[in-house]
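Examining the three-dimensional arrangement
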Amino acid sequence: MGSGALQIIIFLGLLTAVTKPLGVYMARVFAGEVRRLAGLERLLYRFMGTSPEEDQPWTRYALSLLAFSFVGFGLTYGLLRLQHLLPLNFASGGSQPGPDQMPAHLAYNTAASFLTNTNWQSYSPELALTTLSNMVALAIHNWMSAAVGLAVAIALIRGFARRGEGGIGNFWVDTTRATLYILLPIAFVAALVYVWQGVPQTFAAGVNATTLEGSSQRIGLGPVASQEAIKQLGTNGGGYFNANSAHPFENPTALSDLFTKLLIFLIPASLTATFGRMVGNARQGWAIFAAMSALFLAGAFATLAAEQNGNPHFARMGVEAANMEGKEARFGIGASSLFATITTAASCGAVNSMHGSYTPLGGLVTLLNMQTGEVIFGGVGAGLYGMLVYAILAVFIAGLMVGRTPEYLGKKIERFEVQMAMLTILLLAGSILGFTALASSLDLPKEGPTAGINSWPGSAYGASDTAYGPMSGNLSNGGPRGFGEMLYAFSSATGNNGSAFAGLTANTPIWNATLGIAMLIGRFLMIVPVLAIAGALARKKFVPATAGTFPTDGGTFVGLLVGTVLLLGALTFLPALALGPIVEQFQMHQGVLK
């Protein structure tokens, strides 16, 4: 327990140290003060038919974002359907011959997954994707989705920072600067670090090896380091290999594991400093950072304690209680629990252990991290704008308590902003709970056997393309564990996380369809209200603070913000959690092992 706690403290200390420098740098980037690639910028703007001087209202900003995203969706879907006819048609894991055409429903699900920064994978990456598909169809979204998330966060910050102006920036300029000056240089350095630690970076199809038993094994290779860098930096999470960050070619050492965890939180944490810099009050940014840190520490220590205590039934049998099931011996319980907390607090989804093997309480923390909207640092951009939505609701609640019109950063928070903020919360809850209810009750005629388990399928695509049955019948577990698997799946999809409890055969038409819809809801039906808030705030005049203004840069506001996140999450999801991990926790202490 002690070493695990020390790892948490060291990690948060390192994260705090890099937050301000990178945050200030990002503020300068989006202010147009960093222009080392000005020539390339101008060329790209000319190609896109825009310029940095063009200021878009929120409606045009949103339409530009949607057009950019869904053109990418169409191209990805087409590439996945045609991958068997295109160059580099050997499986990314090195097997020969190359994979077949991806089924239509799975191609849709995969395109939606990578478009929305979810990176849910209902297939085995080593077998189902060609090297070209991995590099072009999917990896490009690791850049696109991260840049889009950054752009939305900056647009909302401008809404608070501007005083009576109509526009919130230029989507095309923001995404270009995010890619050229933030994502590209950091990912380049990160890829070199991964290569130094032993992660492959090659176009070789794979190598043959002779095992200790004398049999032959094909070991997959590929351009792993470059994709690992942007998938973690952009909080994407999709694995080049099926075992994701538990695979030694994605995460070979304890140092690479720590580096990966820092990379996941690097931009989300630093955006709090960017926020403080752009609104002209650094303390406002640190208040948001403090609220995120408090929620993160609570989850990290709870997960660590749950996994260290393990299953008391095993302890009564004389077996070590600490829960090592599903965890890499290379990392142990401390590093694995911390990774699980980080990857579900961020909308990353990369894993170095199997979350489905965690204790019920440990699994409960990962579920809650996603059900809060993943605002505990969260995804690139998405974490900050999600937490600012909660901040709007927090000052609204404070205003109700004292009988004053709520204000935040000199802007009056009125009916429209509160309506849009509540809409984002209700959409999140409606998608998670609505689809889980559907999956628990929907019964369809079964047309054949299913095969494979989500993330660990027995073939390239898991279940048969025509096989489907009752949604709850695709579970390998019943009772509260099975319900938890369905709840986790839709929490992960709507939260654009991408990790899974496993034990769920998700690659059937009905599962691919519903999970894909949940991903799109969690991304775009959250972004549009956020941009509407940004546009409304940008048009408001600045209201100077008075003696009656509620301060939003101190401990009282941090406590109110943390309470708002927890209260809304508890009220919304507690009944569902009670049917899953909470009752399973009681069963575990009673010795019920099924």
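The sections below set out a description of the structure shown in this document. Please read these numbers as outputs of a predicted model, since none were measured by experiment.

**A few points about the packing of aromatic side chains**
Any pair of aromatic rings gets described here by the distance separating the centres and the angle formed by the planes. Under the criterion given, the structure shown has 24 aromatic pairs. Centroid distance Tyr240 to Phe241: 5.3 Å. Interplanar angle 70 degrees. Geometry classified as edge-to-face. Taken individually, Tyr240 and Phe241 each receive the classification buried, so the pair is uniform in this respect. Measuring from ring centre to ring centre gives 5.3 Å for Trp286 and Phe289, while their planes differ by 80 degrees; the resulting arrangement is edge-to-face. Here Phe289 and Trp286 lie together in helix 10 (residues 282–309), a separation of 3 residues that amounts to about one turn. The class for Phe289 is buried, based on a relative accessible area of 6%. Put simply, the rings of Phe11, Phe265, Trp286, Phe289, Phe296 and Phe377 touch in pairs and so form one group of aromatic residues. Above the ring of Tyr358, the side-chain terminus of Lys327 is found at 4.1 Å from the ring centroid.

**Focus: the environment of Gly410**
Tracing the chain through its elements places Gly410 in the loop between strand 3 (407–408) and strand 4 (411–412). Sequence separation of Gly410 and Gly495 is 85 residues, and the distance between their C-alpha atoms is 31 Å. Filtering out sequence-adjacent residues up to four positions away, Gly410 remains in contact with Lys541, Phe542 and Val543.

**Observations concerning the environment of Ala38**
Here Ala38 lies in helix 2 (residues 38–48). Among the residues examined, Ala38 registers a relative accessible area of 15% and is labelled buried. Put simply, Ala38 and Arg177 are 139 residues apart on the chain and 10.0 Å apart in space, counted from C-alpha to C-alpha.

**Concerning unusual backbone geometry**
Of note, the phi angle at Asn119 is positive, near 60 degrees, even though the residue is not glycine. You can see Asn119 is positioned in the loop between helix 4 (104–115) and helix 5 (125–128). By relative accessible area, which is 2% here, Asn119 ends up buried. Phi angles above zero are rare outside glycine, and Leu409 is one such case at about 55 degrees. Mapped onto the secondary structure, Leu409 falls in the loop between strand 3 and strand 4. According to the relative accessible area criterion, Leu409 is buried, its value standing at 14%.

**Here we look at the nonpolar core**
Nonpolar side chains in soluble globular proteins tend to end up buried together. Grouped together as the largest cluster of nonpolar side chains are 117 residues, with contacts concentrated most on Leu150, Phe265, Phe296 and Tyr408. Considering every element that reaches this core, the biggest residue donor is helix 14 (residues 382–402), with 13 residues. When sequence neighbours within four positions are dropped, the list of residues in contact with Phe265 reads Phe11, Leu15, Phe296, Ile342, Ala345, Ala346, Ile376 and Phe377. By size, the runner-up hydrophobic cluster in this structure holds 30 residues, among which are Ile432, Trp511, Ile521 and Phe573.

**Section: a nonpolar patch on the surface**
Taken together, the side chains of Leu37, Leu40, Leu43 and Leu44 define a hydrophobic patch exposed on the protein surface, amounting to about 310 Å² of accessible area. Note on Leu37: relative accessible area 34%, which makes it partly exposed.

**Considerations on the pairing of strand 1 (residues 207–210)**
Bridging between strand 1 and strand 2 (residues 216–219) involves 4 bridges; their strand directions are antiparallel. From the neighbouring strand, Val207 faces strand 2, where its bridge partner is Ile219. Two successive antiparallel strands, strand 1 and strand 2, enclose a turn made up of 5 residues, where Gly214 displays a positive phi of approximately 95 degrees.

**Considerations on the packing of helix 3 (residues 58–82) against helix 4**
Across the interface, helix 3 lies against helix 4 with an axial gap of 9 Å and an inter-helix angle of 140 degrees. Of the possible angle classes, the one that applies to helix 3 and helix 4 is oblique. Once helix 3 is placed against helix 4, the crossing between them reads as right-handed. For the pair formed by helix 3 and helix 4, the contact residues are Ser69, Phe70, Phe73, Thr76, Tyr77, Leu80 and Arg81 on the first element and Ala104, Ala107, Tyr108, Thr110, Ala111, Ala112 and Leu115 on the second. When grouped by side-chain class, the residues that make up the contact of helix 3 with helix 4 number 10 nonpolar, 3 polar and 1 charged.

**Considering the pattern of salt bridges**
The final tally for this structure, using the stated rule, is 16 salt bridges. Asp55 is the partner of Arg162 in a salt bridge, and the nearest nitrogen-oxygen pair spans 2.9 Å. With Arg162 in the loop between helix 6 (131–161) and helix 7 (171–197) and Asp55 in the loop between helix 2 and helix 3, this pair connects stretches of sequence that are 107 residues apart. Its relative accessible area of 18% is what places Arg162 among the buried residues. Given a relative accessible area of 33%, Asp55 falls into the partly exposed group. The partner of Arg481 in a salt bridge is Glu584, and the shortest N-O contact between them spans 3.1 Å.

Parameters and conventions
- Residues numbered from 1 in each chain as written.
- Predicted model: local features only at pLDDT ≥ 70, side-chain atom pairs only at ≥ 80, totals over all residues.
- Heavy atoms only, no water.
- Phe/Tyr/Trp six-rings, centres within 6.5 Å; stacked < 30°, edge-to-face > 60°.
- Buried < 20%, exposed > 50% of the residue type's maximum accessible area, 1.4 Å probe, protein only.
- Helix = DSSP H or I, 4+ residues; strand = E, 2+ residues; numbered from the N terminus.
- Lys NZ or Arg CZ within 6 Å of the ring centre and 35° of its normal.
- Contact = heavy atoms within 4.5 Å.
- Core = buried A, V, L, I, M, F, W, Y, C linked by side-chain atoms within 4.5 Å.
- Patch = residues over 30% accessible without salt bridge, like charges linked within 9 Å, V, L, I, M, F, W, Y side chains within 5 Å.
- Areas by Shrake-Rupley, 256 points an atom, 1.4 Å probe, with all protein chains shown as cover.
- Salt bridge = Lys/Arg side-chain N within 4 Å of Asp/Glu carboxyl O.
- Pairing = 2+ DSSP bridges.
- Axes fitted to C-alpha atoms, helices over the stretch in contact; angles between N-to-C directions.
- Parallel < 35°, antiparallel > 145°, perpendicular 65-115°, else oblique.
- Left-handed = near helix turned anticlockwise from the far one by under 90°.
- Nonpolar A, V, L, I, M, F, W, Y, C, P; charged D, E, K, R; others polar.

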